[in-house]
Amino acid sequence: MKLSFLASHGGSSARQIITAISEGKLVGYEVGILITNNKDAAIYQWCIDNQITVHHISAKTHPDHEDQAIRDCLVESRTDLVVLSGYMKKIGPLTLSTFADKILNIHPSLLPKHGGQGKYGDYVHASVLQSGDRVSGASVHWVNGAYDEGPVLLQEEVPVYPDDTVETLGQRVRAIEAGLYIKVLKAIAVR
């Protein structure tokens, strides 16, 4: 299966998944392309440095048809499955319909808790701490038309400590994300 990625910033999960594929630790996949909406993102240069085909597609590059450009780029590269790695935009309807049940996202909480519009990154960790939850974690889910509401495939928990800050909790959750994604991708590969 050809695996392509959408990322907005560092793309740490994308990097680890691509590395796992190239090292033979994640079999059944080949790397497709990476699309970023931010040409200044660290993942953009990382892709260039590692000979990964990367495209910058955003509202600036395609003001009237960003969704179509993303969809067309994924189709032209013969993408089978799309992985979101810190992609900070809602997936458009053309891309969603073309890749229905073929787009994965990871969210830094135990969905459905602390999900939805505006709940990303440190905002999620702040919400967890404010709620008094004793556990947090990450969830890999299929993407649908609503923020963080697609079917959850796998979750992993991390403890929330009484002295946690947004930063310490965020580090603990980020440390499990790529491994959780890889577990899901291994399970999909054997289906």
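Residues numbered from 1 in each chain as written. Predicted model: local features only at pLDDT ≥ 70, side-chain atom pairs only at ≥ 80, totals over all residues. Heavy atoms only, no water.

### Side note on the overall build of the chain
No. 1: Regarding its fold elements, the chain presents six helices and seven strands.
No. 2: Overall, the chain shows an N-to-C arrangement of helices and strands of β-α-β-α-β-α-β-α-β-α-β-β-α.
No. 3: In terms of C-alpha radius of gyration, the chain reaches 16 Å, essentially the compact-globule figure of 16 Å for 191 residues.
No. 4: Dimensions of the chain, computed from C-alpha atoms along their principal axes, come out at roughly 50 × 40 × 30 Å.
No. 5: The burial tally for the chain puts 48% of its 191 residues in the buried class.
No. 6: In the chain, the proportion of contacts linking residues at least 24 apart, taken out of those at least 6 apart, comes to 64%.
No. 7: Accessible surface, the chain as shown: approximately 9600 Å² in total, 50% of it carbon and sulfur.
No. 8: Taken together, the 18 basic and 21 acidic charged side chains of the chain have centroids lying 3 Å from each other. (Helix = DSSP H or I, 4+ residues; strand = E, 2+ residues; numbered from the N terminus. Rg over C-alpha atoms; globule rule 2.2 N^0.38 Å. Buried < 20%, exposed > 50% of the residue type's maximum accessible area, 1.4 Å probe, protein only. Contact = heavy atoms within 4.5 Å. Areas by Shrake-Rupley, 256 points an atom, 1.4 Å probe, with all protein chains shown as cover. Lys, Arg positive; Asp, Glu negative; His and termini not counted. Charge placed at Lys NZ, Arg CZ, Asp CG, Glu CD.)

### Regarding the pairing of strand β1 (residues 2–7)
No. 1: With six of six residues buried, β1 lies mostly within the body of the structure.
No. 2: Burial along β1 is two-sided: the residues Lys2, Ser4 and Leu6 and Leu3, Phe5 and Ala7 are all buried.
No. 3: In the sheet, β1 pairs with strand β2 (residues 30–36) via five bridges, with the strands oriented parallel. The partner of Leu6 across the bridge, within β2, is Ile35.
No. 4: In this region the chain leaves β1, passes through helix α1 (residues 12–22) and returns to the parallel neighbour β2; the handedness of that crossover is right-handed.
No. 5: One ladder, built from five bridges, connects β1 with strand β4 (residues 81–85); its direction is parallel. In the sheet register, Phe5 faces β4, and the bridge partner there is Val83. (Pairing = 2+ DSSP bridges. Right-handed = clockwise from strand over helix to strand, strands pointing away.)

Without other data, these values stay purely geometric and don't point to any function.
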